[in-house]
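Here is what each chain is made of, one letter per residue.
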Amino acid sequence: MDAIDAARAVVEERHPAARAAFLGGSVVTGRRTAMSDLDIVVLLHGSPAPYRASLRSGEWPVEMFVHTEATWHTYIQREVRKRRSPLLSMCADGILLFDKDGVGTHLAAEARKLTAAGPPAASAEEIDDRRYAITDLLDDLAGSTDQGERLFIATELVRRSAELALTAGGSWNGGGKWLARRLKPTAPGLERRLHDGLRDVLAGQIEPLAAVVDEVLEQVGGRLWVGYQRGGTP
């Protein structure tokens, strides 16, 4: 059974009264792999939404994200504030499997509008927090002589630097493979340079990765350590 038919069958079996459903994720793109699952967003009138569940249907692994129209909006608002919204992406770029009352078409249009508008800008405080954290990691990398420590410091530097580049570029963020996919159009070539820098760290050279990370930092004011201060919670 192909992905679309399989997704429809899952929704029909588990939520036959659903208002609408979307199939999103890698399976509907050219990036589909042998491990791709069915990412299905389901819209219900009420209970048992909202919930998410991982299951298997025949040959397919399935991730279901079940919402009412109200909870869909609540989750989208929460995710947009974080500038990372997989739910938004699944509805903006996914396939509308069926739409019984128009809610699917309406939410798809809203998702595309929000996606095109881009994420909200990061505050100056958030940028400084990220600069400080990356600066601290760079100092740790420079001071470490333990190869195991360097591995984890460098890996964290790669992730945080990629996220900062996306923030500086006004792009939506992502995790795992989606971090790489977001990064390619926002900062062409940076993914490869971070990869090469990490490889160099594992070979005993920290300078190439530090140089790449510093270039990312320079987009938002450079390293930050001396003078950084945050108030505590009483």
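From a predicted model like this one, the values you see are computed outputs, not experimental measurements.

**Some points on the pattern of salt bridges**
Side chains bearing opposite charge may pair, as long as their charged atoms lie close to each other.
Link 1 in the chain: In this structure the tally under the stated criterion is 19 salt bridges.
Link 2 in the chain: In this structure, the salt-bridge partner of Arg83 is Glu126, at a minimum N-O distance of 2.3 Å. Of this pair, Arg83 sits in the loop between helix 2 (69-81) and helix 3 (86-93) while Glu126 is found in helix 5 (residues 124-143), placing the two residues 43 residues apart along the sequence.
Link 3 in the chain: A salt bridge links Arg230 to Glu125; the nearest nitrogen and oxygen atoms lie 3.9 Å apart. Taken together, the residues Arg230 in the segment after helix 9 (207-218) and Glu125 in helix 5 connect sequence positions 105 residues apart.

**Digging into the pairing of strand 3 (residues 51-57)**
Link 1 in the chain: Note: strand 3 against strand 4 (residues 60-68), 7 bridges, orientation antiparallel. Across the sheet, Tyr51 pairs through a bridge with Val66, a residue of strand 4.

**Some words on the sheet that holds strand 3**
The strands that make up a sheet pair up through hydrogen bonds in the backbone, lying either parallel or antiparallel.
Link 1 in the chain: On the basis of which strands lie adjacent, the open sheet formed by 5 strands has the order 3-4-2-1-5 and mixed pairing. Here the strands that pair on one side only, and so sit at the sheet edges, are strand 3 and strand 5 (95-99). Adjacent strand axes in the sheet meet at a mean angle of 20°, parallel and antiparallel pairs treated alike.
Link 2 in the chain: Direction of pairing for strand 1 (residues 20-24) relative to strand 2 (residues 38-44): antiparallel, over a ladder of 5 bridges. Opposite Ala21, over in strand 2, you have Val42 as the bridge partner.
Link 3 in the chain: Here helix 2 sits on the sheet in contact with strand 2 and strand 4, set at roughly 100° to strand 4.
Link 4 in the chain: In the packing of helix 3 onto the sheet, the strands contacted are strand 1, strand 2, strand 4 and strand 5, and the crossing angle to strand 2 comes to about 90°.

**A word on the packing of helix 6 (residues 147-168) against helix 8 (residues 190-202)**
Link 1 in the chain: Where helix 6 meets helix 8, the axes come as close as 9 Å, and the angle between the chain directions of the two elements is 170°. Regarding the angle of helix 6 to helix 8, the classification is roughly antiparallel. Together, Gln147, Arg150, Leu151, Ala154, Thr155, Val158, Ser161, Ala162 and Ala165 of helix 6 and Leu190, Leu194, Leu198, Val201 and Leu202 of helix 8 make up the contact between the two elements.
Link 2 in the chain: Tallied by class, residues from the contact of helix 6 with helix 8 come to 10 nonpolar, 3 polar and 1 charged.

**Quick look at the side chain of Thr68**
Link 1 in the chain: Locating Thr68 in the fold gives a position in strand 4.
Link 2 in the chain: Contacts of Thr68, omitting those with residues within four sequence positions, involve Leu43, Leu44, His45, Gly46 and Ala49.

**Things to note about helix 4 (residues 103-117)**
Link 1 in the chain: With 15 residues, helix 4 extends 21 Å between its outermost C-alpha atoms, agreeing within 8% with the 21 Å of an ideal straight helix rising 1.5 Å per residue.
Link 2 in the chain: Residues of helix 4 that are buried include every one of Val103, Gly104, Leu107, Ala108 and Ala111, and no others. Taken down its axis, helix 4 places every buried residue within 125° of arc, on the same side. Opposite the packed face of helix 4, turned more than 90 degrees from it, sit the exposed residues Lys113, Ala116 and Ala117.
Link 3 in the chain: Looking at the buried positions of helix 4, the neighbouring elements they touch are strand 1, strand 2, helix 2, helix 3 and strand 5.
Link 4 in the chain: In the stretch just after helix 4, Gly118 is the one whose phi turns positive, near 85°.

**Some thoughts on helix 3**
Because each turn of an α-helix spans 3.6 residues, side chains separated by three or four positions end up pointing in the same direction.
Link 1 in the chain: Buried residues dominate helix 3, accounting for 6 of its 8 residues.
Link 2 in the chain: Among the residues making up helix 3, those that are buried are Leu87, Leu88, Ser89, Met90, Cys91 and Ala92.
Link 3 in the chain: For helix 3, the secondary structure elements touched by its buried residues are strand 1, strand 2, strand 4, helix 2, helix 4 and helix 7 (177-186).

**Looking at a positive patch on the surface**
Link 1 in the chain: Among the surface-exposed residues, Arg78, Arg81, Lys82 and Arg84 lie close enough to one another that they form a single positively charged patch.
Link 2 in the chain: Summarising the element assignment, Lys82 is placed in the loop between helix 2 and helix 3.

What counts, and where the lines are drawn
- Residues numbered from 1 in each chain as written.
- Predicted model: local features only at pLDDT ≥ 70, side-chain atom pairs only at ≥ 80, totals over all residues.
- Heavy atoms only, no water.
- Salt bridge = Lys/Arg side-chain N within 4 Å of Asp/Glu carboxyl O.
- Helix = DSSP H or I, 4+ residues; strand = E, 2+ residues; numbered from the N terminus.
- Pairing = 2+ DSSP bridges.
- Axes fitted to C-alpha atoms, helices over the stretch in contact; angles between N-to-C directions.
- Contact = heavy atoms within 4.5 Å.
- Parallel < 35°, antiparallel > 145°, perpendicular 65-115°, else oblique.
- Nonpolar A, V, L, I, M, F, W, Y, C, P; charged D, E, K, R; others polar.
- Expected span 1.5 Å × (residues − 1).
- Buried < 20%, exposed > 50% of the residue type's maximum accessible area, 1.4 Å probe, protein only.
- Arc of directions from axis to C-beta.
- Patch = residues over 30% accessible without salt bridge, like charges linked within 9 Å, V, L, I, M, F, W, Y side chains within 5 Å.
- Areas by Shrake-Rupley, 256 points an atom, 1.4 Å probe, with all protein chains shown as cover.
- Lys, Arg positive; Asp, Glu negative; His and termini not counted.
- Charge placed at Lys NZ, Arg CZ, Asp CG, Glu CD.

So far we have only geometry, and geometry alone does not tell us how the molecule works.
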